[in-house]
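Given next are the chains, with one letter for each unit.
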Amino acid sequence: MNDQLLELRSLASKAENRRTETGIPRVAMVQGEIPEYMLAAVYDPMINLILQGSKTMTVGDRTLRYDPATYFVMSIELPAVGTIHPATSGAPYLALSLTLDPTVLATLLTDLPSPTPHNESEKDDSAGFSVAATTPALMDAWLRMLRLMGRPDDIAALAPVYEREILYRVLQGPHGWMLRDIAAPDTAMARISQAIQWIRRHFAEPIRVEMLAQKAAMSVSAFHRHFKAVTTLSPLQYQKRVRLLQARMLMIAGAKSVTNAAFEVGYESATQFSRDYARIFGLPPSRDTARILSETQR
């Protein structure tokens, strides 16, 4: 597996310190020191393979670390804070990602036998994101996928095949149930995903948990329980994280004032916004954005 890892590192070595498209649908790569503010975001469902260095991901009060030759599955859209670290040798962080497409997953699952039922308590333990060690078979599928960067004429014909194989190998692993659940319309995961998508579209509006529970076809208590199990956050906490992340981007990229950003994302009080912001990001919004802007201008 070391030879596979070395070749993958070589193939991904042209990545930049931001999401770098490969020319292969849904496959991206990244290398080096990513600006800290870009690592705090609402992450799309994905499989992320670490090639070099390491990364920690924090969602709510849960933090996971993953190292070279491990992969990270995020099965639902989650507001997370990431931290990357170079290798002990000083070599830069390097990773690949495959954004999950529920349609591709659902099509693949129709061709597979029904799985052995899993234990519900294990599902809740794993929540909507988990880390696992990769396997030679999974690495081989990633390798054949990334080699397509040098053969662009083959992408249309072969990338869908390799994507299915990557998904299949993950389905065989300890977190395969996560992929099955997001592709099946009647699972708790799929229903929570629908509620999350509604919150993301309407994050600046007041939300009623009763309404979200109704949309998810669950009782309020069951909705709360499943939402917290998947995201580690309550629905209102999730909305607050989305608001704060959006406000941060408005202040950094859009040059919005603290007050304007607060009101634009749905806060009624700039004071409350500043308190919540400092609790999540460690500094009041004006000091935090000034720090980020000064770092990006170096």
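So, here's what we can say about the structure. Here the structure is a predicted model, which is why all the values come from computation and not from measurement. (Residues numbered from 1 in each chain as written. Predicted model: local features only at pLDDT ≥ 70, side-chain atom pairs only at ≥ 80, totals over all residues. Heavy atoms only, no water.)

When helices and strands are tallied, the chain shows 13 helices and 10 strands. For 298 residues, the compact-globule formula gives about 19 Å, and the C-alpha radius of gyration of the chain, at 20 Å, lands near that figure. Projected onto the principal axes, the alpha-carbon positions of the chain cover approximately 55 × 50 × 35 Å. Taken across its 298 residues, the chain has 50% of its residues classed as buried. Sequence separation of 24 or more characterises 70% of the internal contacts of the chain that already satisfy a separation of 6 or more. If you sum the accessible surface of the chain, you get close to 14,000 Å²; carbon and sulfur atoms cover 52% of it. Both charge centroids of the chain, one from 32 positive and one from 30 negative side chains, sit 4 Å from each other. (Helix = DSSP H or I, 4+ residues; strand = E, 2+ residues; numbered from the N terminus. Rg over C-alpha atoms; globule rule 2.2 N^0.38 Å. Buried < 20%, exposed > 50% of the residue type's maximum accessible area, 1.4 Å probe, protein only. Contact = heavy atoms within 4.5 Å. Areas by Shrake-Rupley, 256 points an atom, 1.4 Å probe, with all protein chains shown as cover. Lys, Arg positive; Asp, Glu negative; His and termini not counted. Charge placed at Lys NZ, Arg CZ, Asp CG, Glu CD.)

Turning to the environment of I24, a few remarks are in order. By the secondary structure assignment, I24 is in the loop between strand 1 (20–21) and strand 2 (27–31). Separated by 48 residues in sequence, I24 and F72 place their C-alpha atoms 20 Å apart. If we ignore the near neighbours within four places in the chain, the residues touching I24 are M145, L146, L148, M149, I155 and A159.

Quick look at the sheet that holds strand 8 (residues 78–85) now. Strand order in the open sheet formed by four strands is 3-8-5-6, with antiparallel pairing between adjacent strands. The strands lining the two open edges of the sheet, one partner per strand, are strand 3 (40–43) and strand 6 (62–66). Strand after strand, the sheet turns through a mean of 30° between neighbouring axes, direction not considered. Bridge analysis of strand 3 against strand 8 gives four bridges, and the strand direction is antiparallel. Across the sheet, A41 pairs through a bridge with A80, a residue of strand 8. (Pairing = 2+ DSSP bridges. Axes fitted to C-alpha atoms, helices over the stretch in contact; angles between N-to-C directions.)

Counted at 1.5 Å a residue, the expected span for helix 10 (residues 235–253) with its 19 residues is 27 Å, and the 27 Å between its end C-alpha atoms agrees. All of the buried residues in helix 10 are P235, Y238, Q239, V242, R243, L244, L245, A247, R248, L250, M251 and I252. Looking one or two residues beyond helix 10, the residue adopting positive phi is A255, at roughly 55°. (Expected span 1.5 Å × (residues − 1).)

With that settled, the discussion passes to the sheet that holds strand 2. Pairing is antiparallel across the open sheet formed by six strands, whose spatial order is 1-2-9-4-7-10. Among the strands making up the open sheet, the edge pair consists of strand 1 and strand 10 (129–133). In this structure, strand 7 (residues 70–74) lies alongside strand 10, joined through five bridges in antiparallel fashion. Note that in strand 10 the partner of M74 across the bridge is F129. Along the sheet, helix 4 (residues 136–147) makes contact with strand 2, strand 4 (46–52), strand 7 and strand 9 (94–99), crossing strand 9 at roughly 85°.

Note on placement: R180 falls in helix 6 (residues 176–183). A C-alpha to C-alpha distance of 7.7 Å links R180 and L105, two positions 75 residues apart in sequence.

Each pair of packed helices gets described by two things: the angle between the helix axes and the distance between those axes. Put simply, helix 12 (residues 270–281) and helix 13 (residues 285–296) touch, their axes get as near as 9 Å, and they point 50° apart. Accordingly, the angle class assigned to the pair helix 12 and helix 13 is oblique. Contacts between helix 12 and helix 13 pair F273, S274, Y277 and F281 from the former with P285, D288 and T289 from the latter. Taken together, the residues of the contact of helix 12 with helix 13 break down into four nonpolar, two polar and one charged. (Parallel < 35°, antiparallel > 145°, perpendicular 65-115°, else oblique. Nonpolar A, V, L, I, M, F, W, Y, C, P; charged D, E, K, R; others polar.)

To continue, consider the packing of aromatic side chains. Applying the stated criterion across every chain yields a total of seven aromatic pairs. Consider the rings of F72 and F129, whose centres lie 6.0 Å apart with planes at 45°: the pair is tilted. With F72 in strand 7 and F129 in strand 10, this residue pair connects regions lying 57 residues apart in the sequence. Plain terms: the ring middles of Y267 and F273 are 5.3 Å apart, the flat faces sit at 70° to each other, and that makes the pair edge-to-face. By the burial criterion, Y267 is buried, and F273 matches it. Put simply, the rings of Y267, F273, Y277 and F281 touch in pairs and so form one group of aromatic residues. (Phe/Tyr/Trp six-rings, centres within 6.5 Å; stacked < 30°, edge-to-face > 60°.)

It is worth spelling out the pattern of salt bridges at this point. In this structure the tally under the stated criterion is 20 salt bridges. The closest approach of N and O atoms between R248 and E36, which form a salt bridge, is 3.3 Å. Residue R248 is found in helix 10, and its partner E36 is found in the loop between strand 2 and strand 3; the two are separated by 212 residues along the sequence. The exposure class of R248 is buried, given its relative accessible area of 2%. (Salt bridge = Lys/Arg side-chain N within 4 Å of Asp/Glu carboxyl O.)

It is worth spelling out helix 13 at this point. Between its first and last C-alpha, helix 13 extends 16 Å over 12 residues, near the 16 Å set by a 1.5 Å rise per residue. Of all the positions in helix 13, only P285, D288, T289 and I292 are classed as buried. All buried residues of helix 13 fall inside an arc of 90° around its axis, so they share one side. Contacts from the buried residues of helix 13 go to helix 10, helix 11 (258–264) and helix 12. (Arc of directions from axis to C-beta.)

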